[in-house]
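Structural characterization, general
One letter stands for each residue in the lines below.
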Amino acid sequence: MKPVDLDVLESALSFIPEEMGVSLQRTAYSPNIKERMDASCALFDADGSLVAQAEHIPVHLGSMPLAVEVIKADFGDGLEDGDQVVLNNPYRGGTHLPDITVVKPVFQGPSRLAYVANRAHHADVGGIAAGSMPAESERLEDEGLVIDPELLLRKGAERRAVFDRIRRATLNPVERLGDLRAQVAANELGSRRVLDFARRHAPGFLAQAAAELMDYSERRVRSSIASLPRGSWTGTDRLESPEGRGPRFLPIRARVTTAGDEIQVDFEGTHAQTASNLNAPFAVTLSSVYYALRCLTDPDIPANAGAYRPVRVIAPEGSIVRAKPPAAVAAGNVETSQRIVDVVFSALRAPLPDRVPAQSQGTMNNLTIGSTRRPRFSYYETIAGGEGALPYRDGADGVQTHMANTKNTPVEALELAYPLRVEEYRLIDGSGGAGRFRGGDGIRRAVRVLGAGITVSVISERRRLRPHGANGGSDGRAGRNWIVHRGSRRLRPAKFTERLSRGDVIVIETPGGGGWGNGGRANVAARRLGPSTRLQHAPSSALPNGGAGDGGARIAGPTRSHLTSGAKATAFRKVAGNPDDSAEELPFRDREMEGGRAVYLVERVRERR
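Cut-off values and rules
- Per chain, residue numbering runs from 1 following the sequence as it is written.
- Only residues with pLDDT of at least 70 are given local features in this predicted model, and only at 80 or more are side-chain atom pairs given and counted; all residues enter the totals for whole chains, interfaces and linings.
- Excluded from the side-chain calculations are hydrogens and water; all other atoms, namely the structure's heavy atoms, are used.
- By definition here, a salt bridge exists when the distance from a side-chain nitrogen of Lys or Arg to a carboxyl oxygen of Asp or Glu is within 4 Å.
- A helix here means a DSSP run of H or I that spans at least four residues, while a strand means a run of E at least two residues long, and both kinds are numbered starting from the N terminus.
- Only centres within 6.5 Å qualify two rings of Phe, Tyr or Trp (six-membered ring in Trp) as a pair; their planes then separate them into stacked at under 30 degrees, edge-to-face at over 60, and tilted for everything else.
- Classification of residues uses two cut-offs on accessible area relative to the type maximum, computed with a 1.4 Å probe and protein chains only: under 20% is buried, over 50% is exposed, and between them is partly exposed.
- Only the contacting stretch of a helix is used when fitting its axis, a line to C-alpha atoms as for every element, and angles between N-to-C directions run 0 to 180 degrees.
- Orientation labels follow simple angle bins: below 35 degrees gives roughly parallel, above 145 gives roughly antiparallel, 65 to 115 gives roughly perpendicular, and whatever is left gives oblique.
- The handedness criterion is simple: a crossing whose near helix is rotated anticlockwise from the far helix by less than a right angle is left-handed, and one whose near helix is rotated clockwise is right-handed.
- Throughout, a contact is declared for two residues whenever any of their heavy atoms are within 4.5 Å.
- Classes in brief: Ala, Val, Leu, Ile, Met, Phe, Trp, Tyr, Cys and Pro nonpolar; Asp, Glu, Lys and Arg charged; the others, Gly included, polar.
- To estimate how far a helix should extend, the number of its residues minus one is multiplied by 1.5 Å.
- Throughout, the bend at a residue refers to the angle made by two axes, fitted to the seven residues ending there and to the seven starting there.
- In this description, strands pair whenever DSSP reports at least two bridges between them.
- Nitrogen and oxygen atoms within 3.5 Å of one another constitute a polar contact, given that in protein one can donate a hydrogen and the other can accept it, and given that sequence-neighbouring residues count only through two side-chain atoms.
- What is meant by a nonpolar core is a set of buried Ala, Val, Leu, Ile, Met, Phe, Trp, Tyr and Cys residues, joined one to another through side-chain atoms within 4.5 Å.

By the definition in use, this model includes 37 salt bridges. Where arginine 154 meets aspartate 83, a salt bridge forms, and the shortest distance between an N and an O atom there is 2.7 Å. You can see arginine 154 sitting in strand β6 (residues 150–154) and its partner aspartate 83 sitting in the loop between α4 (64–75) and β3 (84–87), a full 71 residues away along the chain. Across the pair aspartate 298 and arginine 220 runs a salt bridge, and its minimum N-O distance is 2.6 Å. Placement of the pair is aspartate 298 in the loop between α8 (282–296) and α9 (305–308) and arginine 220 in helix α7 (residues 205–226), with a sequence separation of 78 residues. A single salt-bridge network, built from bridges that share partners, covers Asp215, Glu218, Arg222, Asp261, Glu262 and Arg309.

Structure, rendered in structure tokens:
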């Protein structure tokens, strides 16, 4: 097949999961999917090999092929036209329990042409804490309803017993079933698009096109690997264990070996699975390795099964990168996956110094807020942070990095849907590491709870260990978590679940990215802007990390300053974080007062030199 024909085919087939994703986002009920798009879609051939995927969530996409493999093994040729299968068991093709996968076989007459599939993060599927992301879970069942592969639809008809079981498990059944039916609809759309493609071409052309595309990706990956230096290199990094539960740090070790046109990643020496939920199922480890190698070889290669053929991943069973049931895995999917990427990058930094970036924030900063009281609700989000600087540019500020690729949750959407109010959402200037190229800055996000009986769960990393700089660049600032109760702040650990009182504020400060290279280019916006002279005579703003002795003010009552139209920040002053946490933070204002109203700088000013 000619290269131009392959390119046209790749675009045509990859648009199918892209359109599925648009459908899923537009028809979902929860802000987590319709706003953040915490979901992914993919197309598989009749044998279950990945043909095309939308560029959604890396941790979903690399692991979804195992879900299709399990469904094929369980159902064989027993699936019929109109059937759809649901699963979320991390040890049977899933990632963690909130990620529910729905797979539909596509038939043309009696022949199966393909499978279409999608995976979406549901904000609650039961378990010991609202939102199904408890910080203290030890067994899989602590995290919610476990669904082994079973028919969700039979010949196009919903199986009421399955829907009822999911309805009973969740705090908000209307939202859950709405999201689930949006997944079903996305697969129906994908099925129609596959049939449209098949009808426009000769019989068997779809299978031929899929095989050609996979072979093409394999050739390009092998060529890229063959251009790498030959050898074996080891990378090591650590996870932050929950406080009071075993060792403080859990090492992950990987040996990356290149030989000819193949590459092997061996996790021998990685810590054994633990009683915490930092354990990752093997599907998540595969996703993380595939992503890291894709970044360092040829990111433009079509991501399909062929691209993964030259890659071999070895992980000891019973380790935190290949856990065995019934170990809890909620944080393994979201946090351990990030550290695996860091470890693979670390191993390849020596042979590829001009290609490997400094460490990004290294966490998804998972925030789950929910209540079992009426009105019952659950809200989940991941919060962006600093990107590690690259060998040719500064790291981006306030972005999702590596295994997370979700969008921002608009403040208006969050406040409309839940009894929550966003009191602050801004970049933390200077939190990225200095260097020839500077690391991206992290974010401070403060959310006030407006109801009673609300529980918050935070699963985060890089609170004790900073994101490392590279080639002489400085480390990024570590993140911090706070609870502000009646004006007093209380530092919280990286992972915790806690009951809140009405009016409490949860403050998440995300890490900055590491800097790259010598040069000492640091953010000096704080010194250049200085405090507003007009604001000096105005009442102090509410500041979550304020209080006596640190130049801040106590949290005010549940009120909020008025904002001008188009303002991007809310009511707290900005704090310039110094990469050296032992140094005093340099405060400055980014707002002025006009007629008693706060006027904010919509554009963040940062000196680049």
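Here the narrative resumes.
Take the packing of aromatic side chains next. Applying the stated criterion across every chain yields a total of 5 aromatic pairs. Seen in terms of ring centroids, tyrosine 379 and tyrosine 418 are 5.2 Å apart; in terms of plane orientation they differ by 50 degrees. Their pairing is tilted. Linking tyrosine 379 in strand β13 (residues 377–382) with tyrosine 418 in the loop between α11 (411–417) and β14 (420–427), this pair joins segments that are 39 residues apart in sequence. Exposure remark for tyrosine 379: the relative accessible area of 1% places this residue in the buried category. Ring geometry for phenylalanine 437 versus tryptophan 516: centroids 6.4 Å apart, planes at 45 degrees, classification tilted. Taken together, the residues span a long stretch of sequence, with phenylalanine 437 in strand β15 (residues 435–437) and tryptophan 516 in strand β22 (residues 516–521) at a distance of 79 residues.

Two elements in contact, helix α1 (residues 3–27) and helix α6 (residues 173–199), have axes whose closest approach is 8 Å; the angle formed by their N-to-C orientations is 155 degrees. In terms of orientation, α1 and α6 fall into the roughly antiparallel class. Between α1 and α6 lies a crossing whose hand is right-handed. For the pair α1 and α6, the contacting residues are Leu9, Ala12, Leu13, Ile16, Glu19, Met20, Ser23, Leu24 and Thr27 in the first and Gly178, Asp179, Ala182, Gln183, Ala185, Ala186, Asn187, Leu189, Gly190, Arg193, Val194 and Phe197 in the second. When the residues that make up the contact of α1 with α6 are grouped by side-chain class, the tally is 12 nonpolar, 6 polar and 3 charged.

We now examine α1. Turn by turn, an α-helix covers 3.6 residues, leaving residues three or four places apart pointing in a common direction. Between its terminal C-alpha atoms α1 stretches 37 Å, which fits the 36 Å expected from 25 residues at 1.5 Å a residue. Along α1, the largest kink reaches about 25 degrees and is centred on phenylalanine 15; proline proline 17 follows within four residues of it. Where α1 is concerned, the buried positions are Leu6, Leu9, Leu13, Ser14, Ile16, Pro17, Glu19, Met20, Gly21, Ser23, Leu24 and Gln25. The inward-facing, buried residues of α1 abut α2 (31–34), β1 (39–45), β2 (50–53), β5 (111–121), α6 and α7.

As a further point, take the sheet that holds strand β4 (residues 99–108). Taken in spatial order, the 7 strands line up as β2-β1-β5-β4-β3-β6-β7 in an open sheet, and their pairing is antiparallel. Two strands lie at the open edges of the sheet, namely β2 and β7 (157–158), each paired on one side alone. Relative to β6, β3 is paired through 3 bridges, and the arrangement is antiparallel. Looking across to β6, one finds that valine 85 is bridged to leucine 151.

The next point concerns the packing of helix α5 (residues 160–169) against α6. At a closest axis distance of 8 Å, the pairing of α5 and α6 adopts a crossing angle of 140 degrees. Put simply, α5 runs oblique to α6. Regarding α5 and α6, the two cross each other, and that crossing is right-handed. For the pair α5 and α6, the contacting residues are Phe163, Ile166 and Arg167 in the first and Pro173, Leu177, Leu180 and Arg181 in the second. Here the residues of the contact of α5 with α6 are counted per class, giving 5 nonpolar, no polar and 2 charged.

This part covers the side chain of asparagine 172. Within the secondary structure, asparagine 172 sits in the loop between α5 and α6. Relative accessible area serves as the criterion here: at 9%, asparagine 172 is assigned to the buried category. One polar contact links asparagine 172 to glutamate 175, side chain to side chain, over a distance of 3.2 Å. Apart from the residues lying within four places of it in its own chain, the contact partners of asparagine 172 are Asp124, Arg376, Phe377 and Ser378.

Grouped together as the largest cluster of nonpolar side chains are 98 residues, with contacts concentrated most on Leu13, Phe267 and Leu348. Take this core: its biggest share by element is 10 residues, from helix α10 (residues 330–348). Filtering out sequence-adjacent residues up to four positions away, phenylalanine 267 remains in contact with Ile252, Arg253, Ala254, Thr285, Val289, Val313, Ile314, Ala315, Pro316, Val321 and Ile340. Counting 22 residues, the second-largest nonpolar core is a separate cluster that includes Leu367, Ile443, Ile454 and Leu500.

So, about the sheet that holds β13. Sheet architecture is open: 4 strands sit in the order β13-β12-β17-β20, paired in antiparallel fashion. If you trace the sheet from one side to the other, it starts and ends with β13 and β20 (495–500), each paired once. The mean angle between the axes of side-by-side strands here comes to 10 degrees, regardless of whether they run parallel or antiparallel. Sheet topology places strand β17 (residues 454–459) next to β20; 6 bridges connect them, and they run antiparallel. If you follow serine 457 over to β20, its bridge partner there is threonine 497.

In the sheet, strand β9 (residues 249–259) pairs with strand β10 (residues 262–266) via 5 bridges, with the strands oriented antiparallel. Across the sheet, the residue bridging to threonine 258 is isoleucine 263, located in β10. Counted between consecutive antiparallel strands, the loop separating β9 from β10 contains 2 residues, among which glycine 260 sits at a positive phi close to 65 degrees. The pairing of β10 with strand β11 (residues 311–314) spans 4 bridges and is classified as parallel. Bridge assignment links aspartate 266 to a residue of β11, and that residue is isoleucine 314.

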